[in-house]
Amino acid sequence: MTAIGLAPVFAAVVRRDLTLALRRRSDVLTTLFFFVIVVSLFPLGVGTQSNILRSIAPGVVWVAALLASMLALVRLFASDFDDGTLEQLTLSPQPLVLLVAGKVLAHWLVSGLPLVLIAPLLGLQFDLPAAALRTMTVALLLGTPCLSLIGAVGAALTLGVRGAGGLLALLVLPLYIPVLIFGAGAVSAALDGMSVNGQLSVLGALLLIALALAPWAAATALRIALE
Amino acid sequence: MLEALGLDCIRGQRRLFRDLSFDLAPGQMLWVLGPNGSGKTTLLRLLCGLLRPDGGGVRWKGKDVRRFSETFHEDLLYLGHAPAGKEDLSSRENLCFGLAQMGIGVASHEVDSALEEFGLADLETIPARALSQGQRRRAALTRLAFGADRPLWILDEPFTALDTQAVELVRVHLARQQTRGGCVVFTSHQDIEFPGAVKQVQLVQ
């Protein structure tokens, strides 16, 4: 029995959430299937004109990613709140902000990363060229962690509120707009053969801002939820 | 070591207690008594610093528990009335993750002996949702076996749902904590005899 420092505590928080996700695979798969199906419905509904498909692809993929990441958010802190795990996290000798960051990391690994990995495959349905697919993957890689981080603040604020799901969507979706604009913008620019550095830099900047502020805001909201 | 100074608490429209003061010296136990809804859990959460008192304050070793929370948390072992374990994880996993969260690293053989002591050795791989109420409670209480370095234990209803053998086990752990010079604050509706001195706080409706 020894006292352990921040890194092992952080690792334990991430590992626990990943283990839980593995035990309840259906939750993870729901998010992924939702994303796949929503994105796949558009080519079926819009028709096969590849110029139309190409032009709507960036928006469709990003909107589907936003909605899919919303699905898993409600559960981010709710079960920890109900079973007392959140109290224990708050009473940990390590800063709550970093433990919350660990939970968000685990959440992104199970609900964001799969979307990034499968998106290029879905992009093929829209007849996207290789350059656009590459940009889309990079943009999603930068954008989906933002979604998880911003979403965590919403999830913490709506904790213990009745009808949290609907409220969470109202609270969080408007905050997703910058990510949507620059994420979809990057893919559109790549389609037009223009440079995408600007959009990707903004996405990177958004990620850094979210990384710096969101865990702190979420931790404060969680402390308030426990009072 | 633990001092409550003029604690006031209002939840919703109701005043649960006002100007509540006490202090605990090393090796002392505090038994919080009172009918259902009199604010026992609220008092324990106040002592942990989870709640902000409406007046007064709580000090541990002379320092406010909310202001100096990180050093305070290094001394604290808190078991709430919720199990703080996951339904889908086994008792062993819940114990290891729970201890890691508290900043306690354990070796595998220490976990084995603690689970065996609490009668969970054969059940350690079964997910918590398949355990009985009493077994879940035992699983949560297994943390007490690793509480030797924590001078303050705050336990919400540690004896609920336990059989006589497990009650005895918890009693032994509390007595050990007392002889180590640690403090214990707990609530219980059961009549339990302790060898050492027990302070009492009576809350009223």
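Everything quoted here is computed from the prediction, not taken from an experiment.

A. The arrangement of the pairing of strand 8 (residues 152-155) of chain B in detail. Residues and elements named next belong to chain B. Of the two faces of strand 8, the one lined by L152 and I154 and the one lined by W153 and L155 are each fully buried. Two strands pair when backbone bridges link them, and strand 6 (residues 76-79) and strand 8 are joined in this way by 4 bridges, in the parallel orientation. Residue Y78 lies in a different strand from strand 8, and its bridge partner there is I154. Examined bridge by bridge, strand 8 and strand 9 (residues 183-187) share 4 bridges and lie parallel to one another. Within strand 9, the position partnered with I154 by the bridge is V185. In this fold, the crossover linking strand 8 to strand 9 by way of helix 6 (residues 164-179) has right-handed handedness.

B. Structural view of the confidence of the model for chain B. All names here are of chain B. When the pLDDT values of chain B are averaged, the result is 88; 100% of them are 70 or greater. Mean pLDDT values over the elements of chain B span from 84, in strand 10 (residues 198-202), up to 93, in strand 8. Both scores are available for the predicted complex, with the pTM at 0.92 and the ipTM at 0.90.

C. Expanded view of helix 1 (residues 40-48) of chain B. All names here are of chain B. With 7 of its 9 residues buried, helix 1 lies for the most part within the structure. Three or more residues of helix 1 are buried, namely K40, L43, L44, R45, L46, L47 and C48. Those residues of helix 1 that are buried lie in contact with strand 1 (2-11), strand 3 (29-33), strand 4 (55-60), strand 6, strand 8 and strand 9. Positive backbone phi, at 85°, marks G49, one or two positions downstream of helix 1.

D. Broad picture of the interface of chain B and chain A. With 29 residues of chain B at the contact, the number on the chain A side is 26 residues. Listed by contribution, the elements that provide at least two residues to the side of chain B that touches chain A are helix 2 (69-75), strand 6, helix 3 (91-101) and strand 7 (104-105) of chain B. By residue number, the principal contributor to the side of chain B that touches chain A is helix 3 of chain B, which donates 5 residues. Taken together, the residues that form the side of chain B that touches chain A break down as 15 nonpolar, 7 polar and 7 charged. Bridge count for strand 1 (residues 2-3) of chain A against strand 7 of chain B is 2 bridges, and the pairing is antiparallel. Looking at the pairing, T2(A) lines up with G105(B) of strand 7 of chain B.

Conventions used here
Residues numbered from 1 in each chain as written. Chains lettered and ligands numbered in written order. Predicted model: local features only at pLDDT ≥ 70, side-chain atom pairs only at ≥ 80, totals over all residues. Buried ≥ 20, exposed ≤ 12 C-beta atoms within 10 Å, placed from the backbone. Helix = DSSP H or I, 4+ residues; strand = E, 2+ residues; numbered from the N terminus. Pairing = 2+ DSSP bridges. Right-handed = clockwise from strand over helix to strand, strands pointing away. pLDDT = per-residue confidence, 0-100. Contact = placed C-beta atoms within 7 Å. Nonpolar A, V, L, I, M, F, W, Y, C, P; charged D, E, K, R; others polar.

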